[in-house]
Protein chains: 2
Amino acid sequence: MIGIVGGMGPRAGLDLAHKVMELTPAQHDHEHLPTVLASLPRRIPDRAPYLRGETSVNPAEAIADILGQLDHMGVTVAAIPCVTAHSAPIMTRVHERIREDGLRLKLLSFVEETIAYIQRSYPAASCIGSLSTTATIAFGVLTKPLVSAGFTAVVCDSEMQSRFVNETIYDHTYGLKADADPVTDRAREQLQQAVRQLSAKGADAIILGCTELPLALPEAEFEGVPLIDPTHAVALALIHHATRGDALLEARVDAQLAAHP
Amino acid sequence: MIGIVGGMGPRAGLDLAHKVMELTPAQHDHEHLPTVLASLPRRIPDRAPYLRGETSVNPAEAIADILGQLDHMGVTVAAIPCVTAHSAPIMTRVHERIREDGLRLKLLSFVEETIAYIQRSYPAASCIGSLSTTATIAFGVLTKPLVSAGFTAVVCDSEMQSRFVNETIYDHTYGLKADADPVTDRAREQLQQAVRQLSAKGADAIILGCTELPLALPEAEFEGVPLIDPTHAVALALIHHATRGDALLEARVDAQLAAHP
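This structure is a prediction, so every number in the text was calculated from the model and none was measured.

*Asks:* Help me out: how do you make sense of the overall build of chain A in this one?
*Replies:* Within chain A one finds 12 helices and nine strands. The globule rule puts the C-alpha radius of gyration for 261 residues at 18 Å, and the 18 Å found for chain A is close to it. Taking all 261 residues of chain A together, 60% fall into the buried category. In chain A, the proportion of contacts linking residues at least 24 apart, taken out of those at least 6 apart, comes to 72%. Of the roughly 10,000 Å² that chain A leaves accessible, carbon and sulfur atoms contribute 52%.

*Asks:* How should I be thinking about the interface of chain B and chain A in this particular structure?
*Replies:* Accessible area lost upon the coming together of the parts is a frequently used measure of interface size. Taken together, the contact pairs 40 residues of chain B with 40 residues of chain A. Between chain B and chain A, roughly 3,400 Å² of surface is buried when both sides are summed, and carbon and sulfur atoms account for 56% of that area. Ranking the residues of chain B by area buried against chain A places Asp29(B), His30(B) and Arg42(B) at the top, with a combined share of 21%. There are zero salt bridges connecting chain B and chain A. Where chain B packs against chain A, one counts 11 residue pairs in polar contact (both at pLDDT 80 or more).

*Asks:* Just to check I follow, could you spell out the packing of aromatic side chains for this structure?
*Replies:* Aromatic rings in a pair are described by how distant their centres are and how their planes are angled relative to each other. Counted according to the given criterion, the structure contains zero aromatic pairs over all chains. Between the NZ or CZ atom of Arg186(A) and the centre of the ring of Tyr174(A), over which it lies, the distance is 3.9 Å.

*Asks:* Explain the sheet that holds strand β5 (residues 127–131) of chain A to me, please; I cannot follow it from the model alone.
*Replies:* The pairing of strands in a sheet happens through backbone hydrogen bonds and is either parallel or antiparallel. All names here are of chain A. The five strands lie next to each other as β6-β5-β7-β9-β8, forming an open sheet whose pairing is mixed. Because the sheet does not close on itself, it has two edges, and the strands there are β6 (152–154) and β8 (221–222). One ladder, built from three bridges, connects β5 with β6; its direction is parallel. What sits directly across from Ile128, in β6, is Ala153. Strands β5, β6, β7 (205–208), β8 and β9 (225–228) of the sheet are contacted by helix α9 (residues 185–200), whose axis makes an angle of about 155° with β5.

*Asks:* How should helix α1 (residues 10–23) of chain A be read in this particular structure?
*Replies:* In an α-helix, one turn spans 3.6 residues; hence positions three or four apart end up facing the same way. All names here are of chain A. Spanning 14 residues, α1 covers 20 Å between terminal C-alpha atoms, matching the ideal 20 Å at 1.5 Å per step. Counting buried residues along α1, 12 of its 14 residues qualify, which places the element largely inside the surrounding structure. Listed in full, the buried residues belonging to α1 are Pro10, Arg11, Ala12, Gly13, Leu14, Asp15, Leu16, Ala17, Lys19, Val20, Met21 and Leu23.

*Asks:* Explanation requested: the packing of helix α8 (residues 158–170) of chain A against α9(A) in the structure shown.
*Replies:* The geometry of a pair of packed helices is captured by two quantities: the angle between their axes and the separation between those axes. Residue and element names in this part refer to chain A. For the pair α8 and α9, the least separation of the axes is 9 Å and the interaxial angle reads 135°. With respect to α9, the axis of α8 lies oblique. Read as a crossing pair, α8 and α9 show a hand that is left-handed. Contacts from Met160, Arg163, Phe164, Val165, Glu167 and Thr168 in α8 reach Arg186, Ala187, Gln190, Leu191, Gln193, Ala194 and Gln197 in α9.

*Asks:* When you look at the sheet that holds strand β5 (residues 127–131) of chain B in this model, what are you seeing that I'm missing?
*Replies:* Residue and element names in this part refer to chain B. What the five strands build is an open sheet, ordered β6-β5-β7-β9-β8; its pairing is mixed. Both outer strands of the open sheet, β6 (152–154) and β8 (221–222), are each paired with one neighbouring strand and no more. By the bridge criterion, four bridges tie β5 to strand β7 (residues 205–208) in an arrangement that is parallel. Bridged to Leu131 within β7 is Leu208. Sitting on the sheet, helix α5 (residues 110–121) is in contact with β5, β7 and β9 (225–228), with an inclination near 150° to β9.

*Asks:* Can you help me understand unusual backbone geometry in this one?
*Replies:* In terms of backbone geometry, most residues other than glycine have negative phi values and most peptide bonds are trans. All names here are of chain A. Gly9 follows Met8 through a cis peptide bond whose omega is -15°. Mapped onto the secondary structure, Gly9 falls in the loop between β1 (2–6) and α1. Despite not being glycine, Glu223 shows a phi value in the positive range, around 50°. Looking at the secondary structure, you find Glu223 in the loop between β8 and β9.

Analysis parameters
Residues numbered from 1 in each chain as written. Chains lettered and ligands numbered in written order. Predicted model: local features only at pLDDT ≥ 70, side-chain atom pairs only at ≥ 80, totals over all residues. Heavy atoms only, no water. Helix = DSSP H or I, 4+ residues; strand = E, 2+ residues; numbered from the N terminus. Rg over C-alpha atoms; globule rule 2.2 N^0.38 Å. Buried < 20%, exposed > 50% of the residue type's maximum accessible area, 1.4 Å probe, protein only. Contact = heavy atoms within 4.5 Å. Areas by Shrake-Rupley, 256 points an atom, 1.4 Å probe, with all protein chains shown as cover. Buried area = accessible area lost by both parts, 1.4 Å probe. Salt bridge = Lys/Arg side-chain N within 4 Å of Asp/Glu carboxyl O. Polar contact = N/O pair within 3.5 Å; in protein donor to acceptor, adjacent residues only side chain to side chain. Phe/Tyr/Trp six-rings, centres within 6.5 Å; stacked < 30°, edge-to-face > 60°. Lys NZ or Arg CZ within 6 Å of the ring centre and 35° of its normal. Pairing = 2+ DSSP bridges. Axes fitted to C-alpha atoms, helices over the stretch in contact; angles between N-to-C directions. Expected span 1.5 Å × (residues − 1). Parallel < 35°, antiparallel > 145°, perpendicular 65-115°, else oblique. Left-handed = near helix turned anticlockwise from the far one by under 90°.

Any link to function would need more than the numbers given here.
So this is what it looks like as structure tokens:
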């Protein structure tokens, strides 16, 4: 059974549940994978203010409480659709709580699954750009593991990052968290500028490193540069884990992964 | 907290979660309503074979077990996105179990909320058509309550019902439960024929009375006849219930309902 700790933001959780369903090679209702989406935005404090030191309430506690409820319902593999929540101060505590509370579920990482997906799908890529919140960049959530995996990591200049990326995610009038259905033209155009800057810096592929970004940039590539959607990578990994032991689906999933990594 | 017993089929559950989010007048992540979607297709036996007497396993038991888990997580208002599950042999037992198990959540009915929505939005309508599975029609799931509410109820002729409606929902190659993303042309065209027949029989509005149908007929009206999406009606009702007591959202929801019922 798949578990999704949603609500960070709410659309990102739904997007992961949708991609799990879309990418599952099911032919009948009963072949779709059991999935519980817990979208509880008010229970989980905002990640960025905690990382900036503006509050001492670590969102890891609420995330771990929800993982506990999912574990209790029978969830065996889970994911947290929020890249900022994968920063060390939050994710280290989540994993501590998983151990302390004796949870049996396996928690997949958006960062590790995204890097594994790039290695499988773009074996020639060496320089990877990241678009993400300023908090994610400050904590090296994507860049540190990319460098450890042997990639060169590039991010936007600070002016572009603060005005064209972070603001596009958070702005209360045109931003993705406020108004992503449909995404505003302004949001999309500003992010395209940021993609062009990363491309000019030599990125062979660009990670849409905030789960809201694929809502604004849904295309597989932009001006020749592949855009990597971590939610797609994690959906494939969740399906892979959730189908182990189910001979019929397992064979279909393996064939699908071999054909379209 | 909103609970959704999904998996019947899986896309219908996701569709309800998506509509709840889309219709919530939220301006920030934290204003979105806490929602748990439990999409567990394998745990719930298919509804139609039980209603046809081909198995004695009432899907009500699995549905009630899942409602119990949602209640335990703190869900206060829930819905079951499957019109066929609202037939008396299933829904009566679900309500018995809710009482026996002492659940505190309120379960909204797709049938009652859809009829209330038609009364609010189309006060002049007197004859209502229903498109649904043959099992739903045989048990009068929609037609009996429509007649009790003072409407004339019309359904398709049996040939049209069996070949163009039921088969379009269930067929393993082109049907909605197998292949709804995107919906096949054949599925959409056959359902349009059925809509035309109900319109010719005098329907002032047509209920898309199987939660898969709005995936194939997403438009608000077809050839001048309003198409009623029960999932839209239930999403509005869930939002209404879940925001009582939250002064800010309550006022916005009331204004929204007054402006666009």
